[in-house]
Amino acid sequence: MTSDVIQPAGIREVAVIGLGLMGSGIAEIVARSGRRVAAIEVDQGFLNQGMARMHASLDRAVSRGKLTDTAREEILARIWPTADLTAGVAGADLVIEAIPERIELKKTLFAQLDEACRTDAILATNTSSLSVTEIAGGTRYPARVAGLHFFNPAPVMKLVEVISTVLTPPEIAETLALLSRDLGKTPIGVSDRAGFIVNALLLPYLNHAIWLLETAQATREDIDKAATAGLGLPMGPLTLLDLIGLDTSLAVLERLQAQFGGTRYTPAPLLRKLCDARLLGRKSGGGFYDYQRQGTPAAAAEDHRVAPVPAEVALIRGQGGLPGELADRITTVGISVVPKPSDKTGLVIVAAGPRHRVLDAALAAGHPADVIGVHFVKAGDGRPGLAELVLPDVTAAGTAAKSAALAARIGLNAVISRDRPGFLVEALAYAQFNDAVRMFQDGYASPADIDTAMMLGCGYPRGPLQLLDEAGPANVVSVLEAMHAATGDPAYTPVPLLAEYATAGTKFRS
Ligand code: CAA
């Protein structure tokens, strides 16, 4: 064992064990950095699949002009695919394990590595759901075991979480951080705790999205659109779950649940059902979406466009206000706009705010069966915003289709949500902001690291704490309180630090 920091140039041979989605991506980026890679997979079929995935990824880079043919051949020449674990790890300076997330498999493997690796080799696990400390504790030299957590797709996402256990000397963590930088990634050092930074914030948010789907708050497409168009995220939560893998997501949630408890981490029943049905996401051909049958979402959008558009709309500006521009857009397409519903009114639009039920405004307006609330979400960064069309449960059956048809006619980018506090965008975002503040409050990570981790690990345009500052801590607190009052779920209680910052008018960043 060495106790010195090893510079990246000192790590020339790397063994990557397990050539699944993550392992093959990690092997590719290590080989791209000029290092020799033993790509180890004991199952010949998985080995072939992993190598095919690497070829496809490199081919894609060539076809996009990001890599030359020669460079691709050189990268591939540095990769040695093998099913022989002992031979593969024998010369390695660093071993990165990316096998399935089962503790008994990992412990058996690390016991084999004790025998097969050089004593000065560093052993890293890419686990996203298991205790690095438990894996290290089962080995002969636990001080050389740490976590090196990459994000999917590994060649693209810039973050690596470097996880230290209570036994990891700072030199090992520093060596792995320097290596991560040399691989073109940004390392963030954290201690061993369930979910580290990213998964502890991402998975409850993804789980929340499944609860929203399961409780008929919105369609899967609208839940995804709320995140992309409303929050500026690169993917909707249900699409992202399909990318990560539903089994992996369930495993992370179970570990978070075991460590922290509480409803944020209780896996939504639908997630378990899909896993039981082996609908595991993209890798199995289907999860929340079907990757073998194209066109389902587009067909659903079409239905709304063919629904009849009302000839007269009542626009009640209410307390929250509706942009004057909305009336102009409606009249421009030949629909009359009136300030109060009449016998001819086909749809009543009221201003909606995420803290208040649309139902109350609907009852006050009369015609509750024809009422829809509209809430505009500003996306920022000059992107077009999103309109949340909010349906109280007393709304008549055809009102959703009529509203969607109107939105399509006047060119509004819209989603439909049931009338629950937070609707879709704020419900998903503010609950995550609360989790992010709790993480800072616990002393686990700084606001800057939390924001960087979510930006580089998940492609957030800005981190959750910066987004919280932009939304205003006091506003976030009041929406969370409304969510708590409506659901009785203590998970939505604003954490004490958030409540304090809201009272003091303090920002988390700046
Ligand atoms: N492998 C290699 N490269 C890929 C790729 C893959 N699977 N998927 C996309 N790319 C590359 C493309 O080649 C393209 O590269 P260039 O810009 O160099 O041409 C680039 O990524 C962008 O791809 P696209 O234009 O096809 O698609 P996009 O712009 O929609 O981006 C995305 C795709 C990068 C995946 C983006 O949607 C994104 O950032 N999504 C969020 C992903 C995320 O949150 N990941 C973290 C999951 S959590 C996790 O992994 C941890 C865990 O333990 C569970």
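Right above here is the structure, for reference.
The paragraphs below set out a description of the structure included in this document. Here the structure is a predicted model, which means the values were calculated and not measured.

1. Looking at the overall build of the chain
Working step 1: Helix and strand counts for the chain stand at 21 helices and 14 strands.
Working step 2: Taking 24 Å as the expected radius of gyration for a compact globule of 510 residues, we find that the chain reaches 26 Å, a close match to that expectation.
Working step 3: Dimensions of the chain, computed from C-alpha atoms along their principal axes, come out at roughly 85 × 50 × 40 Å.
Working step 4: Residues classed as buried in the chain amount to 54% of the 510 residues present.
Working step 5: A fraction of 71% describes how many contacts in the chain between residues 6 or more apart in sequence connect residues 24 or more apart.
Working step 6: Summed over its atoms, the accessible surface of the chain is roughly 20800 Å², and 55% of this surface lies on carbon and sulfur atoms.
Working step 7: Side chains of the chain give 47 positive and 54 negative charges; the mean places of these two sets differ by 4 Å.

2. Section: helix α5 (residues 103–116)
Working step 1: With 14 residues, α5 should cover 20 Å at 1.5 Å per step; its first-to-last C-alpha distance of 20 Å lies within 8% of that length.
Working step 2: Residues of α5 that are buried: Lys106, Leu109, Phe110, Leu113, Asp114 and Ala116.

3. Quick notes on the sheet that holds strand β13 (residues 386–391)
Working step 1: Read from one edge to the other, the open sheet built from six strands follows the order β10-β9-β11-β12-β13-β14, with strand pairing classed as mixed. Looking at which strands have only one partner, the edges of the open sheet turn out to be β10 (336–338) and β14 (414–418). Pairwise comparison of adjacent strand axes, ignoring direction, gives a mean angle of 30 degrees for this sheet.
Working step 2: This element, helix α16 (residues 399–410), spans β9 (312–316), β11 (347–351), β12 (371–377), β13 and β14 of the sheet and lies at about 160 degrees to β13.

4. A closer look at the site of the ligand
Working step 1: Taken together, 20 residues form the shell around the ligand, and within it Arg60, Arg64, Ser128, His149 and Asn152 come nearest.
Working step 2: A distance of 3.4 Å separates an oxygen atom of the ligand from a polar atom in the side chain of Ser128.
Working step 3: The backbone of Gly457 places a nitrogen or oxygen atom 3.5 Å from a nitrogen atom of the ligand.
Working step 4: If the ligand stood free it would expose 1100 Å²; the protein chains cover 70% of that surface.
Working step 5: When contributions to the shell around the ligand are tallied by element, the ones reaching two or more residues are α2 (44–63), α8 (198–214), α10 (237–244) and α18 (447–458).
Working step 6: Tallied by class, the residues present in the shell around the ligand amount to eleven nonpolar, six polar and three charged.

5. Focus on the pairing of strand β4 (residues 94–97)
Working step 1: Along β4, one buried face is formed by Leu94 and Ile96 and the opposite face, lined by Val95 and Glu97, is buried too.
Working step 2: Where β4 and strand β5 (residues 122–125) come together, four bridges link them in parallel fashion. Counted as the bridge partner of Ile96 is Ala124 from β5.
Working step 3: In this fold, the crossover linking β4 to β5 by way of α5 has right-handed handedness.

6. What about the packing of α8 against α18?
Working step 1: Two elements in contact, α8 and α18, have axes whose closest approach is 10 Å; the angle formed by their N-to-C orientations is 65 degrees. On the basis of their axis angle, the class for α8 and α18 is roughly perpendicular. Our pair here, α8 against α18, has a crossing hand that is right-handed. Contacts from Val198, Leu201 and Leu202 in α8 reach Ile450, Ala453, Met454 and Cys458 in α18.
Working step 2: In terms of residue class, the contact of α8 with α18 is built from seven nonpolar, no polar and no charged.

7. Side note on the packing of aromatic side chains
Working step 1: Taken as a whole and judged by the stated rule, the model has four aromatic pairs.
Working step 2: Arranged with centres 5.8 Å apart and planes meeting at 40 degrees, the rings of Phe260 and Tyr265 form a pair that is tilted.
Working step 3: By relative accessible area, which is 31% here, Phe260 ends up partly exposed.
Working step 4: Owing to a relative accessible area of 9%, Tyr265 belongs among the buried residues under this scheme.
Working step 5: Both rings, one in Tyr430 and one in Phe433, keep their centres 5.6 Å apart while their planes meet at 35 degrees; by these two values the pair is tilted. Here Phe433 and Tyr430 lie together in helix α17 (residues 425–441), a separation of three residues that amounts to about one turn.

8. A word on the environment of Leu203
Working step 1: Of note, Leu203 is situated in helix α8.
Working step 2: Exposure remark for Leu203: the relative accessible area of 2% places this residue in the buried category.
Working step 3: With 38 residues separating them along the chain, Leu203 and Leu241 place their C-alpha atoms 9.0 Å apart.
Working step 4: Residues contacting Leu203, with those up to four places away along its chain left out, are Ser249, Val252, Leu253 and Leu256.

9. Focus: the sheet that holds β5
Working step 1: A sheet is described by the order of its strands in space; here eight strands give the open sequence β3-β2-β1-β4-β5-β6-β7-β8, paired in mixed fashion. Two strands close off the open sheet at either side, each with one partner strand: β3 (79–82) and β8 (186–191). Mean inter-strand twist for the sheet, computed between neighbouring axes without regard to direction, equals 25 degrees.
Working step 2: Lying over the sheet, helix α1 (residues 21–32) contacts β1 (13–17), β2 (36–40), β3 and β4, oriented at roughly 170 degrees with respect to β1.

10. As for the nonpolar core
Working step 1: The biggest cluster of nonpolar side chains holds 82 residues, and the ones touching the most others in it are Ile197, Leu202, Phe288 and Leu498.
Working step 2: When near neighbours in sequence (up to four residues on either side) are disregarded, Leu498 contacts Asn434, Val437, Leu468, Pro473, Val476, Val477, Leu480 and Phe508.
Working step 3: Ranked by size, the runner-up nonpolar core spans 37 residues in total, among them Met22, Leu47, Ala61 and Ile96.

11. Digging into the pairing of β13
Working step 1: Counted residue by residue, β13 has six buried out of six residues, so it is predominantly covered.
Working step 2: Burial along β13 is two-sided: the face carrying Leu386, Glu388 and Val390 and the face carrying Ala387, Leu389 and Leu391 are both buried.
Working step 3: In this structure, β12 lies alongside β13, joined through five bridges in antiparallel fashion. Looking across to β13, one finds that Phe376 is bridged to Ala387.
Working step 4: With five bridges joining them, β13 and β14 adopt parallel strand pairing. When the sheet's bridge partners are listed, Leu391 is paired in β14 with Arg418.
Working step 5: The handedness of the β13 to β14 crossover, carried by α16, is right-handed.

12. Some remarks on the packing of α17 against α18
Working step 1: Contact pair α17 / α18: the axes reach a minimum separation of 9 Å and the direction vectors enclose 135 degrees. Considering their axes alone, α17 and α18 lie oblique with respect to each other. Once α17 is placed against α18, the crossing between them reads as right-handed. Together, Gln432, Ala436, Met439 and Phe440 of α17 and Pro447, Ile450 and Met454 of α18 make up the contact between the two elements.
Working step 2: Per-class residue counts for the contact of α17 with α18 are six nonpolar, one polar and no charged.

What counts and how
- Residues numbered from 1 in each chain as written.
- Predicted model: local features only at pLDDT ≥ 70, side-chain atom pairs only at ≥ 80, totals over all residues.
- Heavy atoms only, no water.
- Helix = DSSP H or I, 4+ residues; strand = E, 2+ residues; numbered from the N terminus.
- Rg over C-alpha atoms; globule rule 2.2 N^0.38 Å.
- Buried < 20%, exposed > 50% of the residue type's maximum accessible area, 1.4 Å probe, protein only.
- Contact = heavy atoms within 4.5 Å.
- Areas by Shrake-Rupley, 256 points an atom, 1.4 Å probe, with all protein chains shown as cover.
- Lys, Arg positive; Asp, Glu negative; His and termini not counted.
- Charge placed at Lys NZ, Arg CZ, Asp CG, Glu CD.
- Expected span 1.5 Å × (residues − 1).
- Pairing = 2+ DSSP bridges.
- Axes fitted to C-alpha atoms, helices over the stretch in contact; angles between N-to-C directions.
- Near = heavy atom within 4 Å.
- Polar contact = N/O pair within 3.5 Å; in protein donor to acceptor, adjacent residues only side chain to side chain.
- Nonpolar A, V, L, I, M, F, W, Y, C, P; charged D, E, K, R; others polar.
- Right-handed = clockwise from strand over helix to strand, strands pointing away.
- Parallel < 35°, antiparallel > 145°, perpendicular 65-115°, else oblique.
- Left-handed = near helix turned anticlockwise from the far one by under 90°.
- Phe/Tyr/Trp six-rings, centres within 6.5 Å; stacked < 30°, edge-to-face > 60°.
- Core = buried A, V, L, I, M, F, W, Y, C linked by side-chain atoms within 4.5 Å.

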